[in-house]
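# Close look at the chain arrangement
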Amino acid sequence: MELIIRPLREEELDLLKDFLYEAIFLPAGVAPPDRSILARPELALYYEGFGESRADQALVAEADGCVIGAAWSRIMNDYGHVDDETPSLAMALYREYRGQGIGTRLLKALLAELAGRGFRRVSLSVQKENYAVRLYRAVGFRTIRETEEEYIMVCDLQS
């Protein structure tokens, strides 16, 4: 499998909805929600009007001509919001491509892109049960707050 990490193209913006749906963490035994959940305002802010701000950055992982994952950021008042200068990050891979190091490559590429654009840090929110917590810690994210169910994490980009 040849893997390419590249910018999301304008005609692919709808893929953000697909990967936002894939990013919804489901504990074992929990049925996936209906896709209509993506229209909720707290989720729509991850994709509506994407590309209008310099913090709106998105990269995709492409294998054999098909997009299999995406990582993107924007400054928004989402679950991982820490301040108005720090982009929040979202990412997901299709299930069959997880656990192969693809997410790590994709995430590192987005972090490098954001650092190159002068952002000091990036934030995210992740459920404590989510196996992706290990990935985020491995690339340099640290917990700055937590709720009963989630970690709010940041990664310093200019260190």
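Criteria and thresholds
- Residues numbered from 1 in each chain as written.
- Predicted model: local features only at pLDDT ≥ 70, side-chain atom pairs only at ≥ 80, totals over all residues.
- Heavy atoms only, no water.
- Core = buried A, V, L, I, M, F, W, Y, C linked by side-chain atoms within 4.5 Å.
- Buried < 20%, exposed > 50% of the residue type's maximum accessible area, 1.4 Å probe, protein only.
- Helix = DSSP H or I, 4+ residues; strand = E, 2+ residues; numbered from the N terminus.
- Contact = heavy atoms within 4.5 Å.
- Expected span 1.5 Å × (residues − 1).
- Arc of directions from axis to C-beta.

## Topic: the nonpolar core
One finds Leu89, Met91, Leu107, Leu111, Val122, Tyr136 and Phe141 to be the most contacted residues of the largest nonpolar core, which totals 30 residues. Mapped by element, the contributors of at least two residues to this core are β2 (57-63), β3 (66-74), β4 (88-93), α3 (102-116), β5 (121-127), α4 (132-138) and β7 (150-156). Per-element tally for this core: the top contributor is α3, with 6 residues. Sequence-distant contacts of Val122, that is, excluding residues within four places in its chain, are made with Thr86, Pro87, Ser88, Leu89, Leu111, Leu114, Phe141, Met153, Val154, Cys155 and Leu157. Core analysis: the second largest hydrophobic core is formed by 21 residues, Tyr47, Ala70, Met76 and Ala90 among them.

## With respect to the pairing of β4
In terms of residue burial, β4 counts as a mostly covered element, since 6 of its 6 residues are buried. The two faces of β4 match: Ser88, Ala90 and Ala92 on one face and Leu89, Met91 and Leu93 on the other face are all buried.

## So, unusual backbone geometry
One can expect most non-glycine residues to show negative phi and most peptide bonds to be in trans. We note that Asp64 has phi near 50°; this positive angle belongs to a residue other than glycine. Mapped onto the elements of the fold, Asp64 is located in the loop between β2 and β3.

## As for helix α1 (residues 15-23)
Of all the residues in α1, the buried ones are Leu15, Leu16, Phe19, Leu20 and Tyr21. For α1, the secondary structure elements touched by its buried residues are α2 (41-44), β2, β3 and β4.

## Description of α3
For α3, which comprises 15 residues, the first-to-last C-alpha distance of 21 Å matches the rise-based estimate of 21 Å (1.5 Å per residue) to within 8%. Regarding α3, the residues found buried are Ile102, Gly103, Leu106, Leu107, Leu110, Leu111 and Leu114. Mapping the buried residues of α3 onto a view down its axis gives an arc of 160°, with all of them on the same face. Opposite the packed face of α3, turned more than 90 degrees from it, sit the exposed residues Ala112 and Gly116. Remark: Gly118 follows α3 within two positions and exhibits a positive phi of approximately 90°.

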